[in-house]
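Structural characterization, general
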Amino acid sequence: MSDSKLEAAWARIESLAAAPEAKTIRALFKADPDRFANFSQRGAGLLLDRSKTSVSPEVQAALLDLAVAADVEGKRALMASGGIANPTERRAVLHMALRSQLPEAPEACAEARATLERMREFTEAVHRGELRGATNQRFDTVLNIGIGGSDLGPVMVGRALWRAGDPMRPIHLGNVDGHGWETVLPMLDPRRTLVLVSSKTFTTQETMANAHLVKRWMEASVGPAGALQHFVALSTNLKATAAFGIADDHVFPFHDWVGGRFSLWSAIGLSLALSLGWDRFQALLDGAAAMDSHFLETPMDQNLPILLALTEVWHVNGLGLNRRAVLPYDERLRRLPAHLQQLEMESLGKRVTVAGAPVRRATGPVVFGEPGTSAQHSFMQLVHQGPKPVPVDFILIARPDHRHIENHRILLANGLAQSEALLTGRNAEEVVADMRAAGADEETIARLVPHKIFPGDRPSVTILMPHLDPFTLGALIALYEHKVFTLGALWNINPFDQWGVELGKVLATPLVRELEAGVPGADHDGSTAGLLAELLRLQG
Ligand code: F6P
């Protein structure tokens, strides 16, 4: 598609956004009694409701024109066929091959299947007690050492799905902070602990420091000869896993066509297979595969990930709303916002286009979140009454896995009430009427009315899930993965590289040496030099 068509599509969106009615949502419900039905779509067992946004039928048409002009479907086809969808690293992007059959990428699918088969055999051998530790005890705990994509996905899914009585207890060690290790240490019996070193590169400083720390602990506990029997590596770097001393049959590889933040479906998911059991890990993959099919086969005007991405474009580029909150109304999804922070901000926090030119429009927003209802008592004040709206993703689960039905009713009612309050607001007349009805005097009313007004017309989307289980969770995560891909296509940025994390890594290396030697280096900026000197002084 030509540049002029693309620019025309952006211009149309920008002009619709500049119109006075662009931010009104209540008026759209008045104009269309079927707005909920018209702006709610279903896919892979999920329902996505975008009716509480200011996307009108005209805006929707303009956004879909943009998707055509940006060739979202062509770029999607390139990714699914194993083409170079990550051009800066010259890599294919095939995380879908880990869970779906991609007719144009049969080799990747076959390789993924072979590794999954090995993972299944390993998992079942551990569960049957055929694979044991150095002291011949059965493994009952899996310790996953990894960071970023080698940690957040497994942690988030583990917290969402693990229940007492599941095959193994999952423990995660991500941060290099020794306090993290001190926290998990009392939970571990080395004789019964299987350690997974999860690192795509097997060079990440934090992960390798923790892996060596845990190796020394294991050697001291079960003896140097047997310690490595407790170690498994999940990595693309087979030279480095061998150098660490991990035997080939304890190494589960994956390929550079799997990005870290898209890797929980690969060998990086082994802690999930071990802790949840193979069938539930497979159901997670099946849920993601269902969302893959929906994404690949559904027309754009019904396609959940594409519609979610287009709604974000409207908020970010049309209305200038460059923050978004994610509120899962399920305590088990408490690490979902952290996973989405990495998935979205590491992917979409880019300042140049695929070709390396500065972007001319805003890209990825800041993403943050907390489970509801806790979020209501922390940052929702700002979302309701701060000067600038913050779009919200509400995630509601119809059927809980507990019997405390009254609690669940309160939970769901609060989730619905938050999105309703953001939409409808409370104007001055309503506030005055409420206060008079409550018997307030006129002086108090005049003083408090401005503080009690809620502007309303604040946007949110709601994702409704029938139940939280491996299948629906797999579909939910894949929904956000494909949304990220679509935004990359619309903004013409590469969502699959992450050069922005490199510089800090490079600068940390000499600083480690200077902290060790107690001598600050000469070439730091004034602030860093001052802080380093003060740290060394405080350490004595
Ligand atoms: O934070 C940067 C990053 O490269 C992430 O993309 C990745 O998930 C994480 O580090 C961990 O990398 P690795 O799996 O290679 O240890």
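Residues numbered from 1 in each chain as written. Predicted model: local features only at pLDDT ≥ 70, side-chain atom pairs only at ≥ 80, totals over all residues. Heavy atoms only, no water.

Stated precisely, the cut-off is as follows: UniProt positions are given in the numbering used here, feature names are shortened, and annotations may be inferred rather than shown by experiment.
With an unreviewed UniProt entry as reference, the chain is termed Glucose-6-phosphate isomerase, source organism Roseococcus pinisoli. The UniProt entry for the chain carries the following comment under Sequence similarities (unreviewed entry): "Belongs to the GPI family." Quoted verbatim from the Function (unreviewed entry) field of the UniProt record, the comment on the chain reads "Catalyzes the reversible isomerization of glucose-6-phosphate to fructose-6-phosphate."

1. Considerations on the site of the ligand
Threshold: Note on terminology: near, applied to a residue and a molecule or strand, indicates that one of the residue's heavy atoms is within 4 Å of it. Any pair of nitrogen or oxygen atoms within 3.5 Å is treated as a polar contact; in protein, a donor-acceptor pairing is required on top of that, and neighbouring residues in sequence qualify only through side-chain atoms on both sides. Where accessible areas are quoted, they stem from the Shrake-Rupley method and a 1.4 Å probe; at the residue level, only the protein chains shown are allowed to cover. Side-chain classes are defined by residue name, with Ala, Val, Leu, Ile, Met, Phe, Trp, Tyr, Cys and Pro counting as nonpolar, Asp, Glu, Lys and Arg as charged, and the others, Gly among them, as polar.
Neighbouring the ligand are 15 residues; Ser-150, Ser-199, Thr-201, Thr-204 and Glu-346 lie closest to it. The contact in question runs from an oxygen atom of the ligand to an N or O atom on the backbone of Gly-149, over 2.7 Å. In this structure, an oxygen atom belonging to the ligand sits 2.5 Å away from a side-chain N or O atom of Thr-204. In isolation the ligand exposes 390 Å². Once the protein is present, 87% of that is buried. The residue makeup of the shell around the ligand, split by class, is 2 nonpolar, 9 polar and 4 charged.

2. Some words on the confidence of the model for the chain
Parts of the prediction with low pLDDT should not have their coordinates interpreted in detail. We apply this condition: Each residue carries a pLDDT score, the predictor's confidence in it, ranging from 0 to 100.
Chain-level pLDDT for the chain is 97 on average; 100% of the residues reach the 70-or-more range. Scoring of the predicted complex yields 0.97 for pTM and 0.98 for ipTM.

3. Notes on empty space enclosed by the protein
Stated precisely, the cut-off is as follows: Definitions used for this entry: grid spacing 1 Å over protein atoms alone; cavity, a set of points where a 1.4 Å probe fits but cannot get out; pocket, an open set with protein on both sides within 12 Å along at least 5 of 7 lines; lining residue, one with an atom within 4 Å of a point. Grid points are joined across faces, edges and corners, and a volume is the space filled by probe spheres set on the points. Helix numbering and strand numbering both begin at the N terminus, where a helix is a DSSP run of H or I of at least 4 residues and a strand a DSSP run of E of at least 2.
According to the stated counting rule, one finds 1 cavity of 30 Å³ or more in the structure shown. Roughly 70 Å³ of internal volume is contained in the largest cavity. As for the largest cavity, its lining consists of Leu-308, Thr-311, Glu-312, His-315, Arg-324, Pro-391, Val-392, Asp-393, Ser-460, Val-461 and Lys-483. At the level of elements, helix 14 (304–318), strand 10 (392–399) and strand 11 (460–467) are the ones that each hand at least two residues to the lining of the largest cavity. By residue number, the principal contributor to the lining of the largest cavity is helix 14, which donates 4 residues. Across the lining of the largest cavity, the residue classes break down as 4 nonpolar, 3 polar and 4 charged.

4. With respect to the domain arrangement of the chain
When the parts of a complex come together, some accessible area is lost, and that lost area is often used as the size of the interface. Put simply, the test is: Where a domain begins and ends is set by an automatic assignment or by a domain database. A contact between two residues is defined here by any heavy atoms of the two lying within 4.5 Å. Here the quantity called buried area is the accessible surface, traced with a 1.4 Å probe, that two parts lose on coming together, added over both.
Per the domain assignment, the segments making up the chain are domain 1 (3–69 + 298–424 + 458–491), domain 2 (95–284) and domain 3 (500–539). On a C-alpha basis, the centres of domain 1 and domain 2 stand 33 Å from each other. The partner domain 2 presents 20 residues to the 22 residues of domain 1 that form the contact. Both faces combined, the contact of domain 1 with domain 2 buries some 1900 Å², and carbon together with sulfur accounts for 66% of it. For the domain 1 face of the interface with domain 2, the top three residues by lost area are Arg-335, Pro-470 and Glu-481, together amounting to 30%.

5. A closer look at the packing of aromatic side chains
Our working definition: Only Phe, Tyr and Trp rings take part, Trp by its six-membered ring, and two of them pair if their centres are within 6.5 Å. Stacked means planes under 30 degrees apart, edge-to-face means over 60, and tilted covers everything else. Whether a residue is buried, partly exposed or exposed follows from its accessible area with a 1.4 Å probe, protein chains only, as a fraction of its type maximum: under 20%, in between, or over 50%, in that order. Distance and angle both matter: a charge sits over a ring if NZ of Lys or CZ of Arg is within 6 Å of the ring centre and within 35 degrees of the ring normal.
Under the counting rule described, the total for this entry stands at 9 aromatic pairs. Summarising the aromatic geometry, the rings of Phe-122 and Phe-252 are spaced 5.2 Å apart at their centres and angled 70 degrees between planes, so their arrangement reads as edge-to-face. With Phe-122 in helix 6 (residues 106–128) and Phe-252 in strand 7 (residues 251–253), this pair connects stretches of sequence that are 130 residues apart. There is no split in this pair, since Phe-122 and Phe-252 are both buried. Each member of the aromatic cluster is reached from another via a ring pair, and the members are Phe-202, Phe-231 and Phe-244. When the ring centre of Trp-265 is taken as origin, the NZ or CZ atom of Arg-99, which lies over that ring, is 4.6 Å away. The residue whose ring lies beneath Lys-215 is Phe-244, and the NZ or CZ to ring-centre distance is 4.4 Å.

6. Structural notes on the layout of surface pockets
One number sums up the size of the largest pocket: a volume of about 850 Å³. What lines the largest pocket is a set of 36 residues, and nearest its centre among them are Thr-201, Thr-204, Gln-498, Val-501 and Lys-505. Broken down by secondary-structure element, the contributors of at least two residues to the lining of the largest pocket are helix 9 (205–222), helix 15 (336–348) and helix 21 (502–517). Each residue belonging to the lining of the largest pocket can be placed in one class, and the counts come to 9 nonpolar, 18 polar and 9 charged.

7. What about the pattern of salt bridges?
Oppositely charged side chains can pair when the atoms bearing their charge come close. The cut-off we apply is this: Basic side-chain nitrogens of Lys or Arg form a salt bridge, by our definition, when they fall within 4 Å of a carboxyl oxygen of Asp or Glu.
Evaluation of the coordinates by the stated rule reveals 29 salt bridges. A salt bridge links Asp-457 to Arg-26; its shortest N-O distance comes to 3.1 Å. In this pair, Asp-457 sits in the loop between helix 19 (442–452) and strand 11 while Arg-26 sits in helix 2 (residues 26–31), placing the two residues 431 residues apart along the sequence. Exposure remark for Asp-457: the relative accessible area of 16% places this residue in the buried category. Judged by relative accessible area, Arg-26 falls into the partly exposed class, the value being 32%. Here Arg-120 and Glu-117 are joined by a salt bridge, their closest N and O atoms 2.5 Å apart. Of this pair, Arg-120 and Glu-117 both sit in helix 6, separated by 3 residues, roughly a single helical turn. Among the residues examined, Arg-120 registers a relative accessible area of 25% and is labelled partly exposed. Each member of the salt-bridge network shares a partner with another, and the members are Glu-312, Arg-324, Glu-344, Asp-393 and Lys-483.

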